[in-house]
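# Report on the structure
Here is what each chain is made of, one letter per residue.
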Amino acid sequence: AREWFDHIPMPPLAVLDDAASLLEKADPELFGHLAACPQNEATNNIFAAGNTEEKCPNAAAFASIWRLLHTLLSEALQHRAWLVLWDHLVANRSEPDLLAASAVSLLRKKREALLALPPSCSLLDLDTELQR
């Protein structure tokens with residue numbers, strides 16, 4: 001869990017990379033769709049660890065995962081479901097990857113709605129869909 005604190009206030013890139021890899025293996029089509037969403041320069045800079053010389057090829061996928069994780073899934077789940085999930089996460093705290101896996105699971109649950117978004121969708125469109 002230390003990776004979460006290594007780069008404060010930036011997102012935990014190692015956690016996002018692991019979650020993106022999990023999503024890519026579990027659902028390559030959804031991963032590709034999310035990764036194809038247009039990204040602005042600010043988004044790219046955040047996920048390229050501030051290196052403006054280098055583009056982060058997965059910045060949009062990272063952003064969609066980070067949008068779930070930075071609120072600890074509270075905006076994507078109903079309150080009761082969120083409490084049940086967190087009971088499980090706390091009871092299994094020795095497995096810190098479960099939170100990222102939960103975010104990937106939520107993306108997969110909303111797969112049809114996310115794939116229905118046009119390839120030119122913005123991250124705001126993704127946010128709206130994830131909060132439904």
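Below or above, wherever it landed, is the structure these notes cover. (Residues numbered from 1 in each chain as written. Predicted model: local features only at pLDDT ≥ 70, side-chain atom pairs only at ≥ 80, totals over all residues. Heavy atoms only, no water.)

### With respect to a negative patch on the surface
- On the surface, a cluster of negative charge is made up of Asp17, Asp18, Glu95 and Asp97.
- Considering the arrangement of structural elements, one finds Asp17 in helix H2 (residues 13–26). (Patch = residues over 30% accessible without salt bridge, like charges linked within 9 Å, V, L, I, M, F, W, Y side chains within 5 Å. Areas by Shrake-Rupley, 256 points an atom, 1.4 Å probe, with all protein chains shown as cover. Salt bridge = Lys/Arg side-chain N within 4 Å of Asp/Glu carboxyl O. Lys, Arg positive; Asp, Glu negative; His and termini not counted. Charge placed at Lys NZ, Arg CZ, Asp CG, Glu CD. Helix = DSSP H or I, 4+ residues; strand = E, 2+ residues; numbered from the N terminus.)

### Focus on the pattern of salt bridges
- Across all of its chains, the model carries four salt bridges by this definition.
- As a salt-bridge pair, Asp27 and Arg108 come within 3.8 Å of each other at their nearest N and O atoms. Separated by 81 residues along the polypeptide, Asp27 in the loop between H2 and helix H3 (28–35) and Arg108 in helix H7 (residues 97–109) bring together distant segments of the chain.
- The class of Arg108 is partly exposed, set by a relative accessible area of 40%.
- Members of the salt-bridge network, linked through shared partners, are Asp27, Glu29, Arg108, Arg111 and Glu112. (Buried < 20%, exposed > 50% of the residue type's maximum accessible area, 1.4 Å probe, protein only.)

### Re the side chain of His33
- With respect to the secondary-structure elements, His33 resides in helix H3.
- Taking relative accessible area as the criterion, His33 reaches 13% and is therefore assigned buried.
- Beyond its immediate stretch of four places on either side in the chain, His33 contacts Leu114, Leu115, Leu117, Pro118 and Pro119. (Contact = heavy atoms within 4.5 Å.)

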